[in-house]
Amino acid sequence: MNPRLFLKMAFPAIVLLSFITLVLPRNVAGIYTVYMMLVSLFIAFLLSLKVAFSYERELRMVFLYIAPFILLLFLVNVGQFWTLVYDLFGQFPFISLIIAGIAYVFLIMSCINVLKITDFTEFHKKEWAAIFLMCVLGNYIIILYLLNYRIEFNVEALTNILFRIIDNAIVLMLLPILFLYRKHSLREKRESITFTIVIIGIIISTIGDYVYEIFSRVSHQELSAGFHTGTLLDSIYIFSYLLIAIGLFVHLNYYKWTMGRIDLNKLDFKFN
């Protein structure tokens, strides 16, 4: 199996699986959305663990930290999880922010372990431009909330602002990590496309709702009310989760598939 060919074939399939929600009957779309999110995230969680135990030392820790991050993404999409949380802690202020913070701690730890195996190199102008544009987008996302909505100094407003700040800070951290990892992989002649797909999936799942809010002109409150009902935003989330899963799947099988394409009978082992 050619890994890149597999990815090219898989991409239209995950697009179809993601956006089919838009043509399903409303009573079916919501159920389909929830199950697709949960199945893709649970598979990604298992794949992350399997990838982790195929490595040693730092690379193992990279995926061992990604696994609980994905598991928490899975849990926050389960209605019973929030029922349990509220039963245990009551309507505790910032509880959703705390859970998101725990998830991001695992993601940050994963990034730290990526840096341990990565040589720091200078960024190209295109990479600095990408980081700058993401910084501009992040600030715009925060300013948009402050300008377009009536802000009252209460827990809900503060939580929304903090979510936007933290989410954008995470994405600004992920971009340099992605660029450094790709540079290091090219230098070491190592595969990097699958890790790139995983990070892109995480980035989309992190700020996809804010970007959709900008282009759709729909408030974040309205978007949240339509969550898990088969909306376009749900499709974007499904797409990001499937990207993470497919990236991990190909990452797990990349070298096995690559070695399987090598015909040992055609190799010349003679030495002059």
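Everything here concerns the structure above.
If you're wondering where the values come from, they're calculated on a predicted model, not measured in any experiment.

**Q** A description of the overall build of the protein should follow, citing residues and the corresponding values.
**A** Each helix and strand counted, the protein has 10 helices and zero strands in total. Taken from the N to the C terminus, the helices and strands of the protein come in the order α-α-α-α-α-α-α-α-α-α. Taken over the C-alpha trace, the protein has a radius of gyration of 20 Å; the compact-globule value for 272 residues is 19 Å, and the two agree within 12%. Referenced to the eigenvectors of the C-alpha coordinate spread, the extents of the protein come out at roughly 80 × 45 × 35 Å. Here the protein, with 272 residues, has 47% of them falling under the buried criterion. When contacts within the protein are restricted to residue pairs at least 6 apart in sequence, long-range pairs at least 24 apart make up 78% of them.

**Q** Please set out the nonpolar core residue by residue, giving values where relevant.
**A** Judged by nonpolar contacts, the single largest core of 77 residues is most densely connected at F63, F69, I70, L174, F195, I202 and L248. When residues in this core are grouped by element, the largest group, 15 residues, is from helix 10 (residues 232-260). Those residues within four positions of F63 in sequence are excluded, and the remaining contacts are S48, V51, A52, Y55, F195, L248 and H251.

**Q** Outline the pattern of salt bridges, supporting the account with residue identities and numerical values.
**A** Here the structure, examined in full by the defined rule, presents two salt bridges. For K183, the salt bridge identified is with E127, shortest N-O distance 3.5 Å. Within this pair, whereas K183 is found in helix 7 (residues 155-187), its partner E127 is found in helix 6 (residues 125-148), the two being separated by 56 residues in sequence. An identical accessibility class is assigned to K183 and E127; each is buried. A salt bridge links E213 to R164; the nearest nitrogen and oxygen atoms lie 3.1 Å apart. Highlighted residues: E213 in helix 8 (residues 193-216) and R164 in helix 7, separated in sequence by 49 residues. Per residue, the accessibility class of E213 equals that of R164, and both read buried.

**Q** Pulling in residues and values, what's your account of the packing of helix 6 against helix 8?
**A** Relative orientation of the contacting elements helix 6 and helix 8 amounts to 70°, with a least axis distance of 11 Å. Between helix 6 and helix 8, the crossing angle belongs to the class labelled roughly perpendicular. Helix 6 and helix 8 meet at a crossing whose hand is left-handed. On helix 8, the residues touching M134, L137, Y140, I141 and L144 of helix 6 are I207, Y210, V211, E213 and I214. Per-class residue counts for the contact of helix 6 with helix 8 are nine nonpolar, no polar and one charged.

**Q** I'd love a proper account of the side chain of T206, names of residues and values included.
**A** Take T206: it is sitting in helix 8. Within polar-contact distance, the side chain of T206 engages the backbone oxygen of I202 at 2.7 Å.

Calculation notes
Residues numbered from 1 in each chain as written. Predicted model: local features only at pLDDT ≥ 70, side-chain atom pairs only at ≥ 80, totals over all residues. Heavy atoms only, no water. Helix = DSSP H or I, 4+ residues; strand = E, 2+ residues; numbered from the N terminus. Rg over C-alpha atoms; globule rule 2.2 N^0.38 Å. Buried < 20%, exposed > 50% of the residue type's maximum accessible area, 1.4 Å probe, protein only. Contact = heavy atoms within 4.5 Å. Core = buried A, V, L, I, M, F, W, Y, C linked by side-chain atoms within 4.5 Å. Salt bridge = Lys/Arg side-chain N within 4 Å of Asp/Glu carboxyl O. Axes fitted to C-alpha atoms, helices over the stretch in contact; angles between N-to-C directions. Parallel < 35°, antiparallel > 145°, perpendicular 65-115°, else oblique. Left-handed = near helix turned anticlockwise from the far one by under 90°. Nonpolar A, V, L, I, M, F, W, Y, C, P; charged D, E, K, R; others polar. Polar contact = N/O pair within 3.5 Å; in protein donor to acceptor, adjacent residues only side chain to side chain.

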